[in-house]
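Okay, here's what each chain looks like letter by letter:
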Amino acid sequence: MGKCMIIGCGGVASVAIHKCCQNSEVFEGIMIASRTKSKCDALKEKLQPTTKTVIETAQVNADNVDELIALINSYKPDVVLNLALPYQDLTIMDACLATKTHYVDTANYEPLDTAKFEYKWQWAYREKFEQAGITALLGSGFDPGVTGVFSAYAMKHEFDEINYIDILDCNGGDHGYPFATNFNPEINIREVSAKGSYIEDGKWVETEPMEIKRVYNFKGVGEKDMYLLHHEELESLALNIKGIKRIRFFMTFGQSYLTHLKCLENVGMTSIEPIMYEGKEIVPLQFLKAVLPDPASLGPRTVGKTNIGCIFRGKKDGKDKNYYLYNICDHQECYKEVGSQAISYTTGVPAMIGAMMIMTGTWKKAGVYNIEEFDPDQFMEALNKWGLPWEEDFDPTLVD
Ligand code: NDP
């Protein structure tokens, strides 16, 4: 069918690459291009004997638009799948524009120095992508990603209007370390140490970090504490889903994680302000990342399950209706299949599916779009086929 260039070769990329290789009919060729080429080569060596997908590798600095353009021109992919970090979104989008190549990512742009993620930078590319006749699919991970597909599916099949959405992200996994993050520590800590927020009646309501706590009994996991966080898909879903009055995002955290984080925060280790140390400028949060366990190393040690989904409340045929769509994923099963824990798995699988939707022409419209703006049906089918089956509950326990 075609060729895909994957930028980045970290936790999420590794899963997406495994999945592309399982799906050789669509992904005839992939190029793994990242900052550290040895990681790309190691993955190629492991996977090439197992797949018909032809794997190539390259070194690239994705902060450099000219380097990206040269690489895209030499490989000529149908789509670029950005699985580097949110800081590279705009340079990669610029390179896609210059080469008229479709673009897919899993996280919205965030400037390195402000720790504030929002869609305005990427939405500003709408006209340019329309004029170039190419698609940018934003946020094709799990959250954002599957949560948007679930919302589009609920809107299409279950509701006339959706008034409330609560996105619940539960990780019941245990890696045995007192403190470690399940994906890129810098991104993860920036996310959870920021103020919380949700959207009510079209306006953002801000909370202190971790101010709003609820307890929820998750199927497959059990009872967990969860906290309201700011999350990027709230911004796009509030605009794209008809009738929304309130939308919130909750993520589970154990007490040990929070106590460690508080302590690290109190001593200044989570700061993104550069400081001078022995004549060299360092960013405390980046230094912390260097001393924490590599998320990729957590795979073999993590046991338990994740449960991520959306509870919808709205109206169907004039009556009130509640509906919960979720996926349960087992850390050890993921590790057996692709050598990664469930957090990378639940992001890498939808990343591959998003690229597939664009490559096959199933999703085809020029411009910059969030995932819920496309027809969800074939993506939902693909989730069942490629390892993230979903379940539904028509009488869920609600979050107050
Ligand atoms: P990792 O840190 O494990 O991987 C990032 C990769 O990008 C690394 O291989 C890194 O190279 C590479 N990279 C970083 N900077 C550059 C650069 N300038 N040029 C080229 N390559 C670069 O992160 P994850 O795999 O955990 O996360 C990947 C993305 O997925 C992030 O954007 C994250 O926010 C997003 N995500 C989305 C989720 C969702 O559900 N939507 C959930 C989890 C993550 P090197 O190997 O040299 O470090």
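Reference entry: report on the structure contained in this document. Quick caveat: nothing in here was measured; it's all calculated off a predicted structure.

Thresholds applied
Residues numbered from 1 in each chain as written. Predicted model: local features only at pLDDT ≥ 70, side-chain atom pairs only at ≥ 80, totals over all residues. Heavy atoms only, no water. Buried < 20%, exposed > 50% of the residue type's maximum accessible area, 1.4 Å probe, protein only. Helix = DSSP H or I, 4+ residues; strand = E, 2+ residues; numbered from the N terminus. Arc of directions from axis to C-beta. Contact = heavy atoms within 4.5 Å. Polar contact = N/O pair within 3.5 Å; in protein donor to acceptor, adjacent residues only side chain to side chain. Near = heavy atom within 4 Å. Areas by Shrake-Rupley, 256 points an atom, 1.4 Å probe, with all protein chains shown as cover. Nonpolar A, V, L, I, M, F, W, Y, C, P; charged D, E, K, R; others polar. Pairing = 2+ DSSP bridges. Phe/Tyr/Trp six-rings, centres within 6.5 Å; stacked < 30°, edge-to-face > 60°. Lys NZ or Arg CZ within 6 Å of the ring centre and 35° of its normal.

**Quick look at helix α12 (residues 331-338)**
Turn by turn, an α-helix covers 3.6 residues, leaving residues three or four places apart pointing in a common direction.
Phase 1: Considered for burial, the residues of α12 that qualify are His-331, Cys-334 and Val-338. Along the axis of α12, the buried residues cluster in a sector spanning 65°; they form a single face.
Phase 2: Along its buried surface, α12 packs onto α1 (11-22), α2 (37-47), β7 (161-171), β15 (305-316), β16 (319-330) and α13 (342-359).
Phase 3: For α12, the N-terminal capping position is held by Asp-330, with its side-chain oxygen 2.9 Å away from the main-chain nitrogen of Gln-332.

**Examining the site of the ligand**
Phase 1: Val-12, Thr-36, Lys-39, Ala-62 and Asn-184 are the nearest of the 28 residues found near the ligand.
Phase 2: One of the side-chain nitrogen or oxygen atoms of Asn-184 is found 2.7 Å away from an oxygen atom of the ligand.
Phase 3: Coverage of the ligand by the protein amounts to 91% of the 930 Å² it exposes when considered alone.
Phase 4: Partitioned by chemical class, the residues of the shell around the ligand number 13 nonpolar, 11 polar and four charged.

**Topic: the side chain of Thr-101**
Phase 1: Looking at the element boundaries, Thr-101 is found in the loop between α4 (89-99) and β5 (102-105).
Phase 2: In this structure the side chain of Thr-101 is engaged in a polar contact, spanning 2.8 Å, whose partner is the side chain of Thr-99.

**Structural notes on the pairing of strand β11 (residues 222-228)**
Phase 1: Both strand β10 (residues 213-218) and β11 contribute to a ladder of six bridges, which runs antiparallel. By the bridge assignment, Phe-218 is partnered in β11 with Gly-222.
Phase 2: The turn linking β10 back onto β11 is made up of three residues, and Gly-220 within it adopts a positive phi angle of 85°.

**Quick look at the packing of aromatic side chains**
Phase 1: For the structure on display, the rule yields 18 aromatic pairs.
Phase 2: A ring pair is formed by Tyr-109 and Trp-121, whose centres lie 5.4 Å apart and whose planes are at 75°; its orientation type is edge-to-face. Highlighted residues: Tyr-109 in the loop between β5 and α5 (120-123) and Trp-121 in helix α5, separated in sequence by 12 residues.
Phase 3: Overall, the relative accessible area of 15% leaves Tyr-109 in the buried class.
Phase 4: The partly exposed category is assigned to Trp-121, whose relative accessible area is 25%.
Phase 5: Centroid distance Tyr-119 to Trp-123: 5.2 Å. Interplanar angle 15°. Geometry classified as stacked. Comparing Tyr-119 with Trp-123, the two get one shared label, buried.
Phase 6: Ring-pair connections join several aromatic residues into one group, and the members of that group are Phe-159, Phe-312, Tyr-323 and Phe-394.
Phase 7: In this structure, Lys-321 packs its charged tip against the face of Phe-159, placed 5.7 Å from the ring centre.

Purely geometric stuff here, so don't read any function into it on its own.
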